[in-house]
Amino acid sequence: MSKMAIAITVLLIGGSIAAAALSLVPIMIPIGLVVLIAIGIALSTLFQRAVYFLGEEQQLVIEGWLERRAQNGPGVAVVNPFTHRGATIRKAETLSATEYVKLCNSKDGSERIEKGPQLLFLGPYDKLVAKSPAVCLNNTQFVIITNQLSGERSVLRGPCMWFPGPHDEARTGEAVSMSRTEYIFVEDRLTGERKTVRGPCVWFPEPFESASKKFNAIVLQEDEYVRLKDKTSGKRWVQKGKAQVFLEPTWELEANTEKPLKAWSLKAYEYVRLLDSVSGKISVYRGERVVFPGPDESLLDGEVLSAIDLKVHEYCKILDQATGDVRVEHGSGGGSKQVFLGPNERVLDGGKKKAVEVDENHAVLVRDKATGQLRLVKDKQLFVPGPNETIEEVRDLIRLADHEAMILRGKDGDFQYFYGSDEKRSPGQERSFFLEPYDEIVKLCWSKGRRRESRNLFIERFDCRPQFMSFEFNCRTSDNVELILEGTFFWEVVDLPAMVKSTGDTSGDLCNHARSQFIRHVARVTLKQFMDESHAIAKKVWEEDTEFYKSRGVRIHSLEVTRYQCADPRTSAILEQIIQETTNRMNRLSQAESENEVSLFRMQGQIEQERMNGDLLKIQHEHSTEEAKVAGQSESARIAAFMQGLGDSVPKIEDRVTMWQGLRETGGARPVS
């Protein structure tokens, strides 16, 4: 029964008593009610402080005037209300098998741990500090326990259920599970020592140990390696495959070698040169083999080198940088040759080169660097230069056609003239030749363009055939008309030494001289005279001063003005009209001549037709005469045959004639005959 029900019962009893009293004393009703209510409240309060009903999980904590006590349920607790300051009901703690509580005694300050499973009633001075689950550890878990009073540290491994002590502090962790290719670094924080723990295993730490992250072992194949360094001793070495490398705490991989490096697998024609950075020694390794470098060695050339494969017609120059000697390697007569460089050797002149085939059409110019002299090799061979020789140039055989000529300057500066024509060539001079070592071909720089405004045409082979050359320049007539003349020279080089002696710009000289002559002659005539006499003026220009052209070694065959026009557009328009009118007149004349020629041809055709008609009539008359003659002869032959046939039977000729005429009239003469 609860305290509220008890209080209601007390009030009902008090009310019944009060009602009985009121029935006796009606006048005292108000006062009695007040007294009864006060008495009921007092009794209810005393009952609540004195009687407590406790369940199975409840506990009554009574605060006495001097001490504290507790009474556990279940049951009814009756307490003297005047001997305590108060009482409270609190619930007991239910602990499972995996739970615990930490309690603190407020009287003496002691702490303790209560484990489950149990229904825990606290002591009168106990306070619940914490309620926590126990630490459940599996096979790969552990807990590091630190006693806060003593500072001692221990490690508890699973599998287990751990309940802490009152002063224990715990830190759980996972053990490190490692495979065969994994490892970790472990450091003891008390001693500072570090060690490597390799798999396969499950690693649990000691109290003061800490682990790094897991690392994978470096798996090396047969052709792989890594460079290692011990940081404590400074020792460096190369670990070769086939192996698994577990690093020690003091080891480290050298920079840029976090991954395994490939050893050099050399074929028969390959090699490597390794430089030792400590001693400076260079080592050469040839194939076939697998090459691992030393700890201080690196590729001298940055890559695997291939032997220099020299065919029969190839060679290369090799310099030994240690001694300064140069050697020449070339292909053997039986086939190719492979050349491997030594430790201090390098290839000169950009590698292998082709030997020069010296034959009828090719020669080679060679310079000896020891003496500085040049020589021209003409003997037929596959030429390979010596160690101190360089090929300056491969020279082709110079062949001159019949119309060609060439000028050479010798080492003394004198000129030699070579011609393709047998008539011009000196006795003993060859038509085809090689340029000698110190000779050079003389090139003349001529002007080009119709007005010869640019001088950048280089001529080394001179064409001695007659040829055309065009020109264009301005001049003025006596009536002050400026003309633009266009024309052509038909000219020929006839004396090459005289041309070289007199000028270096033959085409420019010819055109400039012709321009001066044209300006002089055109200035003496009017435009109309020039139009009528342009060809005569052009002929005078070159015929009056043939000596000038002869001194330049050339001959002018003709000079013609092919076109002219006025420089002034207005004058040019007038000239164009004159030319057009002249052209129209000439066209009309040509048209009239053409019409006359057509009429004449038509007339000649008619005459010829009539002549042929007469011949036809004559022939027809002759044919008719012959036909009549033949017909008459045939008729006479028939008559003669008729007369002779009737000569015996009709003696008189007159009768026979009469009979013939009769038969002829009746048409029977032909069958009778």
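What you see is a predicted model; the values in this text were computed from it and never measured.

Asks: Would you mind going over the overall build of the protein in detail, with residue names and values included?
Replies: Of regular secondary structure, the protein possesses nine helices and 55 strands. Against the globule reference of 26 Å for 673 residues, the protein gives a C-alpha radius of gyration of 71 Å, more extended than a compact globule. In terms of its C-alpha atoms, the protein occupies a principal-axis envelope of roughly 230 × 110 × 90 Å. Put simply, the protein has 673 residues, and 34% of those count as buried. Restricting to contacts in the protein with at least 6 residues of sequence separation, those with at least 24 account for 56%. Accessible surface, the protein: about 40900 Å² in total, of which carbon and sulfur atoms supply 52%. Distance between charge centroids for the protein: 7 Å, based on 89 positive and 96 negative side chains.

Asks: Please provide a residue-by-residue account of the sheet that holds strand β42 (residues 374-377), values included.
Replies: Pairing in this open sheet of three strands is antiparallel, and the strands run β42-β41-β44 from one edge to the other. With partners counted over all chains shown, the strands left at the sheet margins are β42 and β44 (389-396), one partner each. Strand after strand, the sheet turns through a mean of 25 degrees between neighbouring axes, direction not considered. Examined bridge by bridge, strand β41 (residues 362-368) and β42 share four bridges and lie antiparallel to one another. Along β42, the bridge assignment pairs Leu365 with Leu376.

Asks: Account for the side chain of Glu209, naming residues and giving values.
Replies: The residue Glu209 is located in strand β20 (residues 209-211) in this model. Ignoring anything within four residues of it in the chain, the contact list for Glu209 reads Val186, Glu187, Asp188, Arg189, Lys195 and Trp203.

Asks: Any chance you could break down the pairing of strand β47 (residues 415-419) for me, citing the residues and the numbers?
Replies: On a regular strand, each side chain points to the face opposite its neighbour's, so the side chains alternate between the two faces of the sheet. The pairing of strand β46 (residues 404-409) with β47 spans five bridges and is antiparallel. For Met406, the partnering residue across the bridge sits in β47 and is Phe418. Turn length for the β46-β47 hairpin, with the two strands adjacent in sequence and antiparallel, is five residues, and the turn residue Gly413 shows positive phi of about 90 degrees.

Asks: Run through the packing of aromatic side chains, naming residues and quoting values.
Replies: Enumeration over the complete set of coordinates arrives at 19 aromatic pairs. Considering the side-chain rings of Phe418 and Phe433, the 4.3 Å spacing of their centres and the 25 degrees angle between planes classify their relative orientation as stacked. Of the two residues, Phe418 is situated in strand β47 and Phe433 in strand β48 (residues 432-433); the sequence distance between them amounts to 15 residues. Connected via pairs of aromatic rings, a cluster forms that spans Tyr183, Phe185, Phe215 and Phe246. Sitting over the ring of Trp237, Lys235 keeps its end group 5.6 Å from the ring centre.

Asks: Break down the pattern of salt bridges for me, citing the residues and quoting the values.
Replies: On inspection of all chains with the given rule, the structure shows 43 salt bridges. We note a salt bridge from Glu63 to Arg68, for which the minimum N-O separation is 2.6 Å. In this structure Glu63 comes out as partly exposed when scored by relative accessible area, which is 24%. Of the charged contacts in the structure, one is a salt bridge between Glu472 and Arg450, with a shortest N-O distance of 3.5 Å. Within this pair, whereas Glu472 is found in strand β53 (residues 467-476), its partner Arg450 is found in the loop between β50 (444-448) and β51 (454-459), the two being separated by 22 residues in sequence. A residue is classified by how much of its surface remains accessible, and Arg450, at 34% relative accessible area, is partly exposed. Connected through salt bridges with shared partners, the residues Arg450, Arg451, Glu472, Glu486 and Arg563 form a single ionic network.

Asks: I'd like a description of the environment of Ser590, backed by residues and values.
Replies: Looking at the secondary structure, you find Ser590 in helix α7 (residues 569-645). In this structure the C-alpha to C-alpha distance between Ser590 and Leu444, which are 146 residues apart in sequence, comes to 50 Å.

Asks: So what's going on with the nonpolar core? Residues and values would help.
Replies: By size, the foremost hydrophobic cluster in this structure holds 43 residues, and its most contacted members are Phe489, Trp491, Leu496, Phe518, Tyr549 and Leu559. Among the elements that take part in this core, helix α5 (residues 527-543) stands out by supplying six residues, more than any other. In contact with Tyr549, not counting residues within four places along its chain, are Phe489, Leu510, His513, Ala514, Val541, Trp542, Val554 and Ile556. Listed in part, the eleven residues of the second largest apolar core include Val226, Leu228, Phe246 and Leu247.

Asks: Help me get a handle on α7, residues and values and all.
Replies: With 77 residues, α7 should cover 114 Å at 1.5 Å per step; its first-to-last C-alpha distance of 111 Å lies within 8% of that length. Looking only at α7, the buried set comprises Ser572, Leu575, Glu635, Arg638, Phe642 and Met643.

Asks: Describe the sheet that holds strand β55 (residues 554-566), and please don't skip the residues or the numbers.
Replies: Read from one edge to the other, the open sheet built from three strands follows the order β53-β54-β55, with strand pairing classed as antiparallel. Every other strand in the sheet has two partners, leaving β53 and β55 as the edge strands with one partner each. The mean inter-strand angle of the sheet, taken between neighbouring strand axes irrespective of direction, is 25 degrees. In this sheet, β55 lies alongside strand β54 (residues 482-493) in antiparallel orientation, the contact comprising eleven bridges. By the bridge assignment, Glu492 is partnered in β55 with Arg555. Running over the sheet, α5 touches β54 and β55 and is turned about 165 degrees from β55.

Asks: Any details on unusual backbone geometry? Residues and values, ideally.
Replies: Cis geometry marks the peptide bond from Gly158 to Pro159; its omega dihedral reads 5 degrees. Mapped onto the fold, Pro159 is located in the loop between β13 (153-157) and β14 (160-162). Cis geometry is found at the peptide bond from Gly241 to Lys242, where omega equals 15 degrees. Here the phi dihedral of Asp349 falls at roughly 60 degrees; this positive angle occurs in a residue that is not glycine. Even without a glycine there, the phi angle at Asn480 is positive, about 65 degrees. Counting through the fold element by element, Asn480 comes out in the loop between β53 and β54.

Asks: Residues and numbers for the pairing of strand β29 (residues 270-276), please.
Replies: Where burial is concerned, most of β29 is hidden: six out of the seven residues are buried. Taken together, the two bridges between β29 and strand β33 (residues 305-306) define a ladder with antiparallel strand orientation. Directly across from Tyr271, in β33, lies its bridge partner Leu305. Inspection of the sheet shows β29 paired to strand β30 (residues 282-286) by five bridges, in the antiparallel sense. Following the sheet pairing, Arg273 is matched in β30 by Val284. Hairpin connection, β29 to β30: the antiparallel pair is bridged by five residues, and Gly280 has positive phi, about 80 degrees.

Asks: So what about a nonpolar patch on the surface? Which residues, and what values?
Replies: Among the surface-exposed residues, Ile31, Val35, Ile39 and Leu43 lie close enough to one another that they form a single nonpolar patch of about 350 Å² accessible area. Relative to the assigned elements, Val35 resides in helix α2 (residues 29-50).

Asks: Before we move on, could you go through the environment of Lys354 and cite the residues and values that matter?
Replies: In this fold, Lys354 is placed in strand β39 (residues 353-354). If sequence neighbours within four positions are ignored, Lys354 has contacts with His313, Glu314 and Tyr315.

Asks: Describe in detail the packing of helix α4 (residues 506-522) against α5, supporting the description with residues and values.
Replies: Direction vectors running N to C along α4 and α5 enclose 135 degrees, while the axes themselves pass 10 Å from each other. Compared by their axis directions, α4 and α5 come out oblique. Here α4 runs over α5; the crossing is right-handed. Of the residues in α5, those touching α4 at Ala514, Gln517, Phe518, His521 and Val522 are Phe530, Ile537, Ala538, Lys540 and Val541. Looking at the contact of α4 with α5 residue by residue, the class counts come to seven nonpolar, two polar and one charged.

Each value, and the rule that gives it
- Residue positions are given per chain, counting from 1 as you read along its sequence in written order.
- It should be noted that, the model being predicted, local features are given only for residues of pLDDT at least 70 and side-chain atom pairs only at 80 or more, the latter also being counted only at that level, while totals for whole chains, interfaces and linings use all residues.
- Neither water nor hydrogens contribute to the side-chain values; these are computed over all heavy atoms in the structure.
- Helix and strand assignments come from DSSP, with helices taken as H or I runs of at least 4 residues and strands as E runs of at least 2, each series counted from the N terminus.
- We compute the radius of gyration over the C-alpha atoms and compare it with the globule rule, which gives 2.2 Å times the number of residues raised to the power 0.38.
- Residue exposure (1.4 Å probe, protein chains only): buried if accessible area is under 20% of the type maximum, exposed if over 50%, otherwise partly exposed.
- In this description, contact between two residues means that some pair of their heavy atoms is separated by no more than 4.5 Å.
- Reported accessibility uses the Shrake-Rupley method at a 1.4 Å probe radius. Residues are deemed covered only where the shown protein chains occlude them.
- Positive charge is attributed to Lys and Arg, negative charge to Asp and Glu, and no charge count is given to His or to the chain ends.
- Charge positions come from single atoms, namely NZ of Lys, CZ of Arg, CG of Asp or CD of Glu.
- When DSSP finds at least two bridges between two strands, those strands are taken to pair.
- Structural elements are reduced to axes, namely lines fitted to C-alpha atoms, with helices fitted over the stretch in contact, and the angle between N-to-C directions of any two is expressed from 0 to 180 degrees.
- Ring pairs are drawn from Phe, Tyr and Trp, using the six-membered ring of Trp, whenever the two centres fall within 6.5 Å, and their geometry is named by plane angle: stacked under 30 degrees, edge-to-face over 60, tilted for the rest.
- A ring is scored as having a charge over it whenever the NZ atom of a lysine or the CZ atom of an arginine sits within 6 Å of its centre and within 35 degrees of its normal.
- What makes a salt bridge here is a side-chain nitrogen of Lys or Arg within 4 Å of a carboxyl oxygen of Asp or Glu, nothing more.
- Only buried residues count toward a nonpolar core, which is a set of Ala, Val, Leu, Ile, Met, Phe, Trp, Tyr and Cys residues joined through side-chain atoms within 4.5 Å.
- The length a helix should cover is 1.5 Å for every residue beyond the first.
- Note that patches include only residues with greater than 30% relative accessible area and no salt bridge, and the join distances are 9 Å for like charges and 5 Å for nonpolar side chains (Val, Leu, Ile, Met, Phe, Trp, Tyr).
- Oblique is the label for any angle not under 35 degrees, not over 145, and not in the 65 to 115 range, which are roughly parallel, roughly antiparallel and roughly perpendicular in turn.
- When the near helix sits turned anticlockwise from the far one by under a right angle, the crossing is termed left-handed; a clockwise turn instead gives a right-handed crossing.
- Gly is placed with the polar residues, together with every amino acid not listed as nonpolar (Ala, Val, Leu, Ile, Met, Phe, Trp, Tyr, Cys and Pro) or charged (Asp, Glu, Lys and Arg).

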